[in-house]
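Working through the structure, step by step
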Amino acid sequence: EPNKILSPLVESVQSAISNKSFVDLRSLLPDDIASNCDDVREIIHQHIRDLLSAQQSLRDNFFRGSIVIDDDLGLFFSHDMTEQSKKLLVLLAQEFGKQRANEIVKVAGHTSTLSGTLECGELYNTSNLIPLLDVADSIATQYPDLMVKQQQFEEMNGRVITTNRSSSNLKWEAADNGPSVGPL
């Protein structure tokens, strides 16, 4: 019976939208459906959309949200959560920029404000990039349930989770370059 499967999905999407959060839709599906990526896509993109068509506001919010589907994930992120995450990234970038500016000033031996231009080689210098782990930490701090999903993903894929930072249980290595590194 389709409604037995679809009703909990729609309710979870509705909850994610109203709570400005996310939902793991794949975890709400029976295993035989959840194991097939095409079936998950069809249910989320076609059947949920059809059920939401009677509720215009909810349907619009569903389309404004973000959906991530791959072999391991079936997540819906509300638009408000995505916007909040963008704001977190701006704050993180500002903090990182101030930190890098202080480091550059100290290295150059200057105490005044920075002036000048970015050297061509610095454009590709990874020390000028915000570490992905810092971005994930920032989002995980705001959305602890997403961190739990990440930890479950790590454990399911046989990755050892160690605490190498005070704010996170995440530890990614350069070798973690598979098709998916989890929800964060």
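Residues numbered from 1 in each chain as written. Predicted model: local features only at pLDDT ≥ 70, side-chain atom pairs only at ≥ 80, totals over all residues. Heavy atoms only, no water.

1. Observations regarding the overall build of the protein chain
Within the protein chain, the regular secondary structure consists of 7 helices and 3 strands. Ordered by position from the N terminus, the helices and strands of the protein chain form the series α-β-α-α-α-β-β-α-α-α. The 184 residues of the protein chain split such that 34% are buried. Long-range pairs, those at least 24 residues apart, make up 61% of the contacts in the protein chain with a sequence separation of at least 6. Carbon and sulfur atoms make up 51% of the accessible area of the protein chain, which amounts to about 11,500 Å² in all. (Helix = DSSP H or I, 4+ residues; strand = E, 2+ residues; numbered from the N terminus. Buried < 20%, exposed > 50% of the residue type's maximum accessible area, 1.4 Å probe, protein only. Contact = heavy atoms within 4.5 Å. Areas by Shrake-Rupley, 256 points an atom, 1.4 Å probe, with all protein chains shown as cover.)

2. With respect to the confidence of the model for the protein chain
Summarising the model, the protein chain shows a mean pLDDT of 76, and 72% of its residues fall at 70 or more. Within the protein chain, the element-level pLDDT minimum falls on helix 6 (residues 132-142), averaging 77, and the maximum on strand 1 (residues 22-24), averaging 92. Long-range and interchain partners of residues 120-124, a stretch whose pLDDT sits below 50, account for 2 contacts in this model, where long-range means more than four residues apart. (pLDDT = per-residue confidence, 0-100.)

3. Examining the pattern of salt bridges
Side-chain pairs of opposite charge can arise where the charged atoms are in close proximity. Scanning all chains against the criterion turns up 3 salt bridges. The salt bridge involving Lys 149 is made with Asp 24; its shortest N-O contact spans 3.3 Å. Within this pair, whereas Lys 149 is found in helix 7 (residues 144-156), its partner Asp 24 is found in strand 1, the two being separated by 125 residues in sequence. Lys 86 is the salt-bridge partner of Glu 83, the closest N and O atoms lying 3.1 Å from each other. (Salt bridge = Lys/Arg side-chain N within 4 Å of Asp/Glu carboxyl O.)

4. Overview of the pairing of strand 3 (residues 74-77)
What you see with strand 3 is no split at all: Gly 74 and Phe 76 on one side and Leu 75 and Phe 77 on the other are buried throughout. Alignment of strand 1 against strand 3, held across 3 bridges, turns out to be antiparallel. Looking at the pairing, Asp 24 lines up with Leu 75 of strand 3. By the bridge criterion, 4 bridges tie strand 2 (residues 66-69) to strand 3 in an arrangement that is antiparallel. Note on strand 3: the bridge partner recorded for Ile 67 is Phe 76. (Pairing = 2+ DSSP bridges.)

5. Some points on the side chain of Ser 21
Positionally, Ser 21 belongs in the loop between helix 1 (2-18) and strand 1. Leaving out residues up to four positions away in the same chain, Ser 21 has contacts with Ala 16, Phe 76, Phe 77, Ser 78 and Met 81.

6. Considerations on the packing of helix 1 against helix 4 (residues 56-64)
Packing of helix 1 against helix 4 leaves a shortest axis separation of 10 Å and a crossing angle of 75°. Here helix 1 lies roughly perpendicular to helix 4, going by the angle between them. Each of Val 13, Gln 14 and Ile 17 in helix 1 lies in contact with helix 4, whose residues at this interface are Leu 58, Asn 61 and Phe 62. Class assignment for the residues of the contact of helix 1 with helix 4 results in 4 nonpolar, 2 polar and no charged. (Axes fitted to C-alpha atoms, helices over the stretch in contact; angles between N-to-C directions. Parallel < 35°, antiparallel > 145°, perpendicular 65-115°, else oblique. Nonpolar A, V, L, I, M, F, W, Y, C, P; charged D, E, K, R; others polar.)

7. Considering the packing of helix 6 against helix 7
As a packed pair, helix 6 and helix 7 sit with axes 5 Å apart at the nearest point and diverge in direction by 120°. As far as their axial angle goes, helix 7 and helix 6 are oblique. Contact with helix 6, carried on its side by Ile 139, Ala 140, Thr 141 and Gln 142, involves Pro 144, Leu 146 and Met 147 of helix 7 and no other residues of that element. Its residues assigned to classes, the contact of helix 6 with helix 7 shows 5 nonpolar, 2 polar and no charged.

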